[in-house]
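Chain by chain, the residues run as shown.
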Amino acid sequence: MVQVIYSPKWFYGKDIIIDLVSIFVLVLIAFFSLRSYKVRKNKNYIYLAASFIILAVSFLFRILTNFTVYYKVLETKDLGFITLTYQTIKTSEALFIIGFFAYRLLNLLGLYFLYSIYHKQPKSNIFLISYLILVSTAFNKLTYHIFHLTSFILLILITKQYLKNYYDNKSKAARLIAFSFGIITSSEIFFGLVTVSTRFYVMAEIIQLIGYALLLFAFFMVLRHGRKKDKD
């Protein structure tokens, strides 16, 4: 079996630590979304929490995938812009395939559900799009680039919506949320450039983490603002 690793060798394992931090951040955002729901009684916050939990679970599967590759490497051959890892252990292969598929599927679904919060659609459309995401993730030979291109498009649409929210109410929290999603969107560009240089993978991981960290701070601002309004 041939597995493609886009991380440079010196970064092996460090991306797992970054993803663990990202999971912690996403779970906290989900928590703050639920707290915001208690303050404002807006069901959108429940949907936000569910979307971020799905994204957090997707990162768990990405950790499973990366850990499987890094821990079970038997022989590597450097080909310049990528590293091909040869693996013969069948259990490792199964874990890799499951993690590889589940990460991409759940990540796209999480982003799509985030988009759907502000663009209400009939249930039939939601099921249809979810099915198309499933098919494109499972059967596309160009899964890596198609996945990041789809993520990029969804994130652009999400960022556009949060920019509209900011222009409507001009709050600092809304501006920071839009800016955070803009940073997360830009990370997808660097993920797509890893075939040029594996350094782009490192940049993408760090940029994505910064985006989620700023998003956490923005949701904390929303929660604090909600508490102040509740006291008044």
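Above this text sits the structure in question.
Definitions and cut-offs
Residues numbered from 1 in each chain as written. Predicted model: local features only at pLDDT ≥ 70, side-chain atom pairs only at ≥ 80, totals over all residues. Heavy atoms only, no water. Helix = DSSP H or I, 4+ residues; strand = E, 2+ residues; numbered from the N terminus. Buried < 20%, exposed > 50% of the residue type's maximum accessible area, 1.4 Å probe, protein only. Contact = heavy atoms within 4.5 Å. 1 Å grid on protein atoms, 1.4 Å probe; cavity = no way out; pocket = protein on both sides within 12 Å on 5 of 7 lines; lining within 4 Å. Points joined across faces, edges and corners; volume = space filled by probe spheres on them. Nonpolar A, V, L, I, M, F, W, Y, C, P; charged D, E, K, R; others polar. Axes fitted to C-alpha atoms, helices over the stretch in contact; angles between N-to-C directions. Parallel < 35°, antiparallel > 145°, perpendicular 65-115°, else oblique. Left-handed = near helix turned anticlockwise from the far one by under 90°. Patch = residues over 30% accessible without salt bridge, like charges linked within 9 Å, V, L, I, M, F, W, Y side chains within 5 Å. Areas by Shrake-Rupley, 256 points an atom, 1.4 Å probe, with all protein chains shown as cover. Salt bridge = Lys/Arg side-chain N within 4 Å of Asp/Glu carboxyl O. Phe/Tyr/Trp six-rings, centres within 6.5 Å; stacked < 30°, edge-to-face > 60°. Lys NZ or Arg CZ within 6 Å of the ring centre and 35° of its normal. Lys, Arg positive; Asp, Glu negative; His and termini not counted. Polar contact = N/O pair within 3.5 Å; in protein donor to acceptor, adjacent residues only side chain to side chain.

Engineer: Any chance you could explain the overall build of the chain here in plain terms?
Structural biologist: Each helix and strand counted, the chain has seven helices and three strands in total. When the helices and strands of the chain are placed in sequence order, the string is β-α-α-β-β-α-α-α-α-α. When each of the 232 residues of the chain is scored for burial, the buried share is 46%. Within the chain, counting contacts between residues at least 6 apart in sequence, those at least 24 apart form 75% of the total.

Engineer: Even after reading the chapter, I still don't get the layout of surface pockets, so can you show me in this structure?
Structural biologist: A volume near 480 Å³ is recorded for the second largest pocket. Where the lining of the second largest pocket is concerned, the elements lending two or more residues are helix 2 (44-71), helix 5 (143-169), helix 6 (172-191) and helix 7 (199-231). Take the lining of the second largest pocket: its biggest share by element is six residues, from helix 7. Split by residue class, the lining of the second largest pocket holds ten nonpolar, six polar and four charged.

Engineer: It is not clear to me how the packing of helix 5 against helix 6 should be interpreted in this structure. Could you clarify?
Structural biologist: Between helix 5 and helix 6, the least distance of the axes is 8 Å, while the angle of their chain directions is 165°. In terms of their interaxial angle, helix 5 and helix 6 are classed as roughly antiparallel. For the pair helix 5 and helix 6, the sense of crossing is left-handed. Among the residues making up the contact of helix 5 with helix 6, the classes are represented as 15 nonpolar, seven polar and two charged.

Engineer: Before we go on, may I ask you to explain a nonpolar patch on the surface in this structure?
Structural biologist: A surface patch of nonpolar side chains, amounting to about 290 Å² of accessible area, comprises Val-27, Ile-53, Val-57 and Leu-60. At three residues, helix 2 tops the list of elements feeding residues into the nonpolar patch. For Val-57, the position within the fold is in helix 2. Given a relative accessible area of 31%, Val-57 falls into the partly exposed group.

Engineer: Any chance you could explain the packing of aromatic side chains here in plain terms?
Structural biologist: Each aromatic ring pair is specified by the distance between its two centres and by the angle formed by the two planes. Counting across every chain of the model gives 13 aromatic pairs. Ring centres 6.0 Å apart and planes at 70° place the aromatic pair Phe-191 and Tyr-201 in the edge-to-face group. Taken together, the residues span a long stretch of sequence, with Phe-191 in helix 6 and Tyr-201 in helix 7 at a distance of ten residues. Exposure class is identical for Phe-191 and Tyr-201. Each is buried. One aromatic cluster is present, built from ring pairs that chain together Phe-59, Tyr-103, Phe-147 and Tyr-212. Sitting over the face of the ring of Tyr-37, Lys-41 holds its NZ or CZ atom 5.9 Å from the ring centroid. The positively charged end of Arg-104 is found above the aromatic ring belonging to Phe-147, 5.3 Å away from the centroid.

Engineer: Could you clarify how one ought to interpret the side chain of Asp-15 in this entry?
Structural biologist: Take Asp-15: it is sitting in helix 1 (residues 14-40). For the buried Asp-15, no salt bridge exists, and the shortest N-O distance to an oppositely charged side chain is 6.9 Å, to Arg-62. Of the polar contacts made by the side chain of Asp-15, one reaches the side chain of Tyr-201; its length is 2.7 Å.

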